[in-house]
Amino acid sequence: MRILGIDPGLNTTGWGVVQTTGSNDCAWAAHGAIRTKPADAKTHRLVQLRDAVCRLAREHQATHGAIEAGYVGANARSAMTLGEARAACILGLADAGLEVVEYSPALVKSTVAGYGRGEKSQVAEMVRLQLRLEKAPTPEDAADALAVAITHWAHARLSR
């Protein structure tokens, strides 16, 4: 299994790839961030996200796609923008032929860090430990995306 995890955002979308190395382990394969320019038209930025996610899935030969579900806070405008970015990323995964599974932020944090309200730094450190990396992945969005991929790996194992 090769899982592409996505932490969506219109300005910065984190991505991370993990690969299963046996029935009880997964390992880091790659991570990074897709950045769009706020000065560009929103439609152009959404197309950039969709195309970049599709390209990453194909380049890294992903077999599974996982994305963080939207978090709706007090700011409706931010929630709408996040939803649009998520949709573009989901379409990119679908364009690459992947089924997409969504995980709530609390479930991702709980799975990776053992606490559903953990700080980003705690999640990044647990990702570092679980994937046996020398340092926590950067940017934070990429660490979050790796956490999404780890969550998919963990829950896929449970469903088997």
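Sequence order as written defines the numbering, with residues in each chain counted from 1. pLDDT decides what is reported in this predicted model: residues at 70 or higher carry local features, side-chain atom pairs at 80 or more are listed and counted, and totals for whole chains, interfaces and linings draw on all residues regardless. Remark: hydrogens and water are excluded; side-chain values derive from all non-hydrogen atoms of the structure.

A. Region of the structure containing the pairing of strand β2 (residues 12–22). Each residue's exposure class comes from its accessible area (1.4 Å probe, protein chains only) as a fraction of the maximum for that residue type: buried when under 20%, exposed when over 50%, partly exposed otherwise. Numbering of helices and strands runs from the N terminus, with a helix taken as a DSSP run of H or I at least four residues long and a strand as a DSSP run of E at least two residues long. With eight of its 11 residues buried, β2 lies for the most part within the structure. Alignment of strand β1 (residues 2–7) against β2, held across six bridges, turns out to be antiparallel. What sits directly across from L4, in β2, is V17. Hairpin connection between β1 and β2: a loop of four residues separates the two successive antiparallel strands. In this structure, β2 lies alongside strand β3 (residues 25–35), joined through 10 bridges in antiparallel fashion. Of the residues in β3, the one forming a bridge with T13 is I34. For two strands to count as paired, DSSP must find a minimum of two bridges between them.

B. Examining the pattern of salt bridges more closely. A pair is scored as a salt bridge if a Lys or Arg side-chain nitrogen falls within 4 Å of a carboxyl oxygen belonging to Asp or Glu. Tallied over the full model, the rule gives seven salt bridges. Among the ionic pairs, K42 bridges to E84, the shortest N-O distance being 2.9 Å. On the criterion of sequence distance, the pair formed by K42 in helix α1 (residues 42–59) and E84 in helix α2 (residues 76–95) is long-range, its members being 42 residues apart. A relative accessible area of 37% places K42 in the partly exposed class. Using a relative accessible area of 28% as the deciding quantity, one classes E84 as partly exposed. For R50, the salt bridge goes to D95, with nearest N and O atoms at 3.8 Å.

C. Layout of the side chain of T13. Within the secondary structure, T13 sits in strand β2. For the purposes of these results, a polar contact is taken to be a pair of N or O atoms within 3.5 Å, where, inside protein, one atom must be able to donate a hydrogen and its partner to accept one; residues adjacent in sequence count only when each atom of the pair is a side-chain atom. Polar contacts involving the side chain of T13 include one to the main-chain carbonyl oxygen of G9, which spans 2.6 Å. The contact criterion used is simple: two residues touch if any of their non-hydrogen atoms lie within 4.5 Å. Non-local contacts of T13, meaning those with residues more than four positions away in its chain, are made with I6, D7, P8, G32, A33, I34, L49 and C89.

D. Up close: the nonpolar core. In these notes, a set of buried Ala, Val, Leu, Ile, Met, Phe, Trp, Tyr and Cys residues joined through side-chain atoms within 4.5 Å is what counts as a nonpolar core. In this structure, L4, I6, W15, I34, L49, V53 and L93 are the most contacted members of the largest nonpolar core, which totals 20 residues. Put simply, the parts of the chain that give this core at least two residues each are β1, β2, β3, α1 and α2. The biggest single contributor to this core is α1, with six residues. In this structure, V18, A66, L131 and L133 belong to the second largest nonpolar core, which totals 18 residues.

E. Quick look at α1. Between the first and last residue of a helix there are one fewer steps than residues, each counted as 1.5 Å, and that sum is the expected span. With 18 residues, α1 extends 25 Å from end C-alpha to end C-alpha; this agrees with the ideal 26 Å at 1.5 Å per step. Turning to α1, its buried residues number three or more, namely R45, L46, L49, A52, V53, C54, L56 and A57. Against the buried residues of α1 lie β1, β2, β3 and α2. Looking one or two residues beyond α1, the residue adopting positive phi is Q61, at roughly 50°.

F. Here's a closer look at the sheet that holds β2. Spatially, β3-β2-β1-β4-β5 is the arrangement adopted by the five strands of the open sheet, whose pairing is mixed. This sheet does not close on itself; its edge strands, each paired only once, are β3 and β5 (100–103). Taking the axes of each pair of neighbouring strands and ignoring which way they run, one obtains an average angle of 20° across the sheet. Relative to strand β4 (residues 64–68), β1 runs parallel, the two being bridged by four bridges. To obtain each axis, a line is fitted to C-alpha atoms, and for helices this fit is confined to the stretch in contact; angles are then taken between N-to-C directions over 0 to 180 degrees.

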